[in-house]
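One letter stands for each residue in the lines below.
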Amino acid sequence: MSSSIRISDETKRKLELVKQEDETYDELLARLATTEKDVEERGGFADDGVVEDMARAREEMSESLERHSNRPE
């Protein structure tokens, strides 16, 4: 089953900045929506330090989005 969501052009540009080359938009959104609770529920399937790695990745992504969002067009 598939769904459609509406996003602004600005939001799409931001998503394109963090989307990996071989990643679908569905995979990107699932990755961005992963929470610490999701990781905890996976129990032993997560590497040690994954929560810290996720926090660092989110911080880097936020900084990247902020830098790119403030560029003059």
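## Quick look at the packing of helix 1 (residues 9-18) against helix 4 (residues 50-69)
Contact geometry for helix 1 and helix 4: axes closest at 10 Å, N-to-C directions at 130°. Comparing the axis directions of helix 1 and helix 4 gives the class oblique. In the crossing of helix 1 with helix 4, the sense of the turn from one axis to the other is right-handed. Between helix 1, through K14, L17 and V18, and helix 4, the contact on the second element is made entirely by M61, L65, H68 and S69. Class assignment of the residues belonging to the contact of helix 1 with helix 4 gives a composition of four nonpolar, two polar and one charged.

## Notes on the nonpolar core
Residues L15, V18, L28, M61 and L65 constitute the largest nonpolar core, which totals five residues. At the level of secondary structure, the elements contributing two or more residues to this core comprise helix 1 and helix 4. Look past the residues within four positions of V18 in its chain and what remains in contact with it is E23, L28, R31, L32, M61 and L65.

Here is what the cut-offs are and how they apply
Residues numbered from 1 in each chain as written. Predicted model: local features only at pLDDT ≥ 70, side-chain atom pairs only at ≥ 80, totals over all residues. Heavy atoms only, no water. Axes fitted to C-alpha atoms, helices over the stretch in contact; angles between N-to-C directions. Helix = DSSP H or I, 4+ residues; strand = E, 2+ residues; numbered from the N terminus. Parallel < 35°, antiparallel > 145°, perpendicular 65-115°, else oblique. Left-handed = near helix turned anticlockwise from the far one by under 90°. Contact = heavy atoms within 4.5 Å. Nonpolar A, V, L, I, M, F, W, Y, C, P; charged D, E, K, R; others polar. Core = buried A, V, L, I, M, F, W, Y, C linked by side-chain atoms within 4.5 Å. Buried < 20%, exposed > 50% of the residue type's maximum accessible area, 1.4 Å probe, protein only.

Take it as geometry only, folks, not as evidence of what the structure does.
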